[in-house]
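Tertiary structure, described
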Amino acid sequence: MRLFVSEGAPGNLPVLAAAGRARGRAELLISTVGPEECMVPFLTRPKVPVLQLDSGNYLFSTSSICRYFFLLSGWEQDDITNQWLEWEATELQPALSAALYYLAVQGKKGEDVLGPVRRALTHIDHSLSRQNWPFLAGETESLADIVLWGALYPLLQDPAYLPEELGALRSWFQTLSTQEPCQRAAETVLKQQGVLALRPYLQKQPQPSPPDGRAVTNEPEEEELATLSEEEIAMAVTAWEKGVESLPPLQPPQNPVLPVAGERNVLITSALPYVNNVPHLGNIIGCVLSADVFARYSRLRQWNTLYLCGTDEYGTATETKAMEEGLTPQEICDKYHVIHADIYRWFNISFDIFGRTTTPQQTKITQDIFQRLLTRGFVLQDTVEQLRCEQCARFLADRFVEGVCPFCGYEEARGDQCDKCGKLINAIELKKPQCKVCRSCPVVKSSQHLFLDLPKLEKRLEEWLGKTLPGSDWTPNARFIIRSWLRDGLKPRCITRDLKWGTPVPLEGFEDKVFYVWFDATIGYLSITANYTDQWERWWKNPEQVELYQFMAKDNVPFHGLVFPCSALGTEDNYTLVSHLIATEYLNYEDGKFSKSRGVGVFGDMAQDTGIPADIWRFYLLYIRPEGQDSAFSWTDMLLKNNSELLNNLGNFINRAGMFVSKFFGGYVPEMVLTPDDQRLLAHVTLELQHYHQLLEKVRIRDALRSILTISRHGNQYIQVNEPWKRIKGSEADRQRAGTVTGLAVNIAALLSVMLQPYMPTVSATIQAQLQLPAPACSILLTNFLCTLPAGHQIGTVSPLFQKLENDQIESLRQRFGGGQAKVSPKPEVVETVTTAGPQLIQALMDEVTKQGNIVRELKAQKADKNQIAAEVAKLLDLKKQLALAEGKPLETSKGKKKK
């Protein structure tokens, strides 16, 4: 036999892995040929890999070649394997070909690559989970496993494209990847270059079409619904029928909120923002908004939840801002604390307390922790060489020195840490240092300081991490950052500064110094709680009963995951330490960074002046939350997500469900007689609801939002297929069917209102008011889908939830927040220019036009209600208008009919 392969051809992977399993069964010669060489005489186009059998026959599909090698090994065929191979060819390959082309040839990343295959990956994961098998067709590896593994390996070998929540898929993939035939195949094909090894081959291939033109989170295929077991369907129906009566009693509100023995007690913090800065969208999503979603979700689960934050008010940053504005540091803190509080109030952040660090409690607790560390021998004294600005006549705090990183050469490294390589820096190590206030070159001077002896605490930290990390929900970037610090070995860390504005150091000889803000800023969580309740120790000295979730951007990880835990462990005072450290990557603005000085980007105090409601900002920021990698805010994408996901999907479904109740049934929920199809829908909604819970319990906030949109799509499809607006005019059986569909749809809308509460609290409350949802159902979210609006329930007045964002509105905002970029391209005086959008938006709009066109054609073929057709045609025309604008085409004016 002779196997022909071509360098970089993705099909080589499964074929070589299958050949490796059959080694010794037959003589095999492997030849490498060019991608243009046609090895099969009767094919008009080149095709690889190709297996030429001893008989002279050719096998030239990947699965048939792999099947041949498996049959040589004595493998017996089965129906399940054949079904998987058919699915791989018809469903997986079109999506995967597009994803690999985007990644290897076009250089796209993130959701652009993962989007086309997410649905397929989820299908594999659900199948493995449901059957509870280690392999696709049973307890042992089969042909299907090798074919699918080989197809997926170029993409999934990069962990960024193997979603963490797909645990069964991850386990299956890792099991196969460690087997010797698969390892050899991967090394041979990818040559340690990863997916880039495929680029030369893929560049010579035609660009694959996007799969189906369907959104990744689109409606499920009928076969997906059919795979639900009868037991799952029966359980969903039983839960549905129990209704509101099955909800547990509402827990009376506590003031203050305190832990309760025997119950789940959740303490949530978001990183304390510097008081002198106005937070931008990246700050908001990285800390307070992400934490708010989890806090609201925790309350829906009836967990004892305390969510706190506050302004970080000490340090040189405050002193400098006070100098700039001609105020005292305290006046600056008072002024900006109010600004922060107003911004978070507008964004509807549900703090139990929003405090500040300039309080007597902060001084008391910080000094107590210091004294305990000093007594136990964890504090050192040493002379420190510091940078002093002679022009400003002051020692410079780390963050007010800027220069070239000594490790990676980044030119804007701060005096404490490099934002590019993440390494800690002593300010005097910076090359070409500059004072950030006056831009003069500082000089090195000596000063006596105190240090936290981190090397002496390292063993305690390692032991604590060893107990904490397994089974916890620390994000991968947080784990990596802490491990990299430990790998390099901990060093003593200076905890004092030559400043006046800070927590005083209670030690003789150090009266003119204050604690370094990163020693006492994290203690701010404790003092803020102490200002909330004098029983603060029930939260902060109670690790046996309290789970601590801390939210931050990745640059804050070392201080929360290492410095504060070392301080707390050194006190030997039983402090509650972080159980789950949730760190985001960075959110960028369009193609660059947020910059207040250059007027680039949206800052918290500006968002409320855009005319866009807070819940829309919340939705979009959470939709693009930088969970696994950096993401970027885009005005164009915000418009598209608002108009497609909120207006046309979620808002359209909830409004239609409520309007049908009002229009056809006088505002009362009709009787529901569930058919087997309805019962399957119940089970599928229940499955998606449980997936939502699983994701949020793992703090996969962005992914859980997709579950809401998926359920809404199920609801839209259900209404579209069953056509209650037509059935209501038919026979008694048709009218009953219209009632069942309307009743089930409005109950799905009620469920969505509760699932939405952590993400869009105002929209959630609006839906619940329109549907007159009973109070217990508004405040508790179980893992089962209940009938919360039974037959006879009267709803209120239904009205649209969302407004369309217009292109000219968004373009105006883009210019307004573009800073200097807006001034670069002056407008021509005579010729009107049209800006062309990016290919991603154009393709998305083309998909939406195609989808909406199909809906219009369906309705016309079914001779649906004229008003309904007109509404859908209006949507289609609007989408075509958006597409024309995106493509840079001039809009056609309506000519109308000429009058005779």
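Everything quoted here is computed from the prediction, not taken from an experiment.

1. Side note on helix α4 (residues 111-131)
Here α4 contains 21 residues, and its C-alpha end-to-end distance of 28 Å stays within 8% of the 30 Å for a straight helix at 1.5 Å per residue. Bending of α4 peaks at approximately 50° at the position of V117. Taken together, the buried positions of α4 are V113, L114, G115, V117, R118, A120, L121, I124, D125, S127 and L128. In this fold, the buried residues of α4 make contact with α3 (79-105), α5 (143-156), α6 (167-177) and α25 (701-722). Positive backbone phi, at 55°, marks N132, one or two positions downstream of α4.

2. Structural notes on empty space enclosed by the protein
Across all of its chains, the model carries 4 cavities of 30 Å³ or more by this definition. A volume near 140 Å³ is recorded for the largest cavity. In terms of lining residues, the largest cavity is bounded by 13 residues, among which L751, A777, I780, L781 and T788 are the most central. For the lining of the largest cavity, the element with the most residues is helix α27 (residues 732-755), which contributes 3 residues. The residue makeup of the lining of the largest cavity, split by class, is 11 nonpolar, 2 polar and no charged.

3. Considerations on the packing of aromatic side chains
According to the stated counting rule, one finds 29 aromatic pairs in the structure shown. Aromatic side chains W84 and W87 sit 5.4 Å apart centroid to centroid with 90° between the ring planes, which places their arrangement in the edge-to-face category. One end of the pair is W84 and the other is W87, both in helix α3 and 3 residues apart, which spans about a single turn. Assessed through its relative accessible area of 9%, W84 is described here as buried. With relative accessibility at 15%, the residue W87 sits in the buried group. Each ring, one from Y589 and one from F633, has its centre 5.7 Å from the other, and the planes form 10°; the classification is stacked.

4. A short note on the sheet that holds strand β11 (residues 413-414)
Strand pairing in a sheet relies on backbone hydrogen bonds. The paired strands run either parallel or antiparallel. If you walk across this open sheet you meet the 3 strands as β11-β10-β12, and the pairing is antiparallel. Strands with a single pairing partner mark the edges of an open sheet, and in this sheet they are β11 and β12 (431-435). Here strand β10 (residues 401-404) pairs with β12 via 3 bridges, running antiparallel. Bridge assignment links V401 to a residue of β12, and that residue is C435.

5. Considering the sheet that holds strand β3 (residues 50-52)
Ordered by their spatial adjacency, 4 strands build an open sheet running β2-β1-β3-β4, and the pairing between neighbours is mixed. Of all strands in the sheet, those bounded by a partner on one side alone are β2 (29-32) and β4 (58-59). In the packing of helix α2 (residues 62-72) onto the sheet, contacts are made with β1 (2-5), β3 and β4, and the angle to β3 comes to roughly 45°.

6. As for the UniProt feature "domain: GST C-terminal" (unreviewed entry) in the chain
Mapped onto this numbering, the UniProt entry gives "domain: GST C-terminal" (unreviewed entry) at residues 74-198. For the annotated span residues 74-198, helix accounts for 67% and strand for 0% of the residues, and the straight-line distance between the end C-alpha atoms is 32 Å.

7. A look at the pairing of strand β5 (residues 265-270)
Buried residues dominate β5, accounting for 6 of its 6 residues. Neither face of β5 is open: one carries N265, L267 and T269, the other V266, I268 and S270, and all of them are buried. Pairing geometry for β5 and strand β6 (residues 304-311), over 5 bridges, is parallel. Along β6, the bridge assignment pairs T269 with L308. Handedness of the crossover joining β5 and β6 through helix α11 (residues 281-300): right-handed. The pairing of β5 with strand β17 (residues 546-553) spans 6 bridges and is classified as parallel. Residue pairing across strands places T269 opposite Q550, the latter belonging to β17.

Rules used in this analysis
- Residues numbered from 1 in each chain as written.
- Predicted model: local features only at pLDDT ≥ 70, side-chain atom pairs only at ≥ 80, totals over all residues.
- Heavy atoms only, no water.
- Helix = DSSP H or I, 4+ residues; strand = E, 2+ residues; numbered from the N terminus.
- Expected span 1.5 Å × (residues − 1).
- Bend = angle between axes of the 7 residues up to and from the residue.
- Buried < 20%, exposed > 50% of the residue type's maximum accessible area, 1.4 Å probe, protein only.
- Contact = heavy atoms within 4.5 Å.
- 1 Å grid on protein atoms, 1.4 Å probe; cavity = no way out; pocket = protein on both sides within 12 Å on 5 of 7 lines; lining within 4 Å.
- Points joined across faces, edges and corners; volume = space filled by probe spheres on them.
- Nonpolar A, V, L, I, M, F, W, Y, C, P; charged D, E, K, R; others polar.
- Phe/Tyr/Trp six-rings, centres within 6.5 Å; stacked < 30°, edge-to-face > 60°.
- Pairing = 2+ DSSP bridges.
- Axes fitted to C-alpha atoms, helices over the stretch in contact; angles between N-to-C directions.
- UniProt positions renumbered as here; feature names shortened; annotations may be inferred.
- Right-handed = clockwise from strand over helix to strand, strands pointing away.

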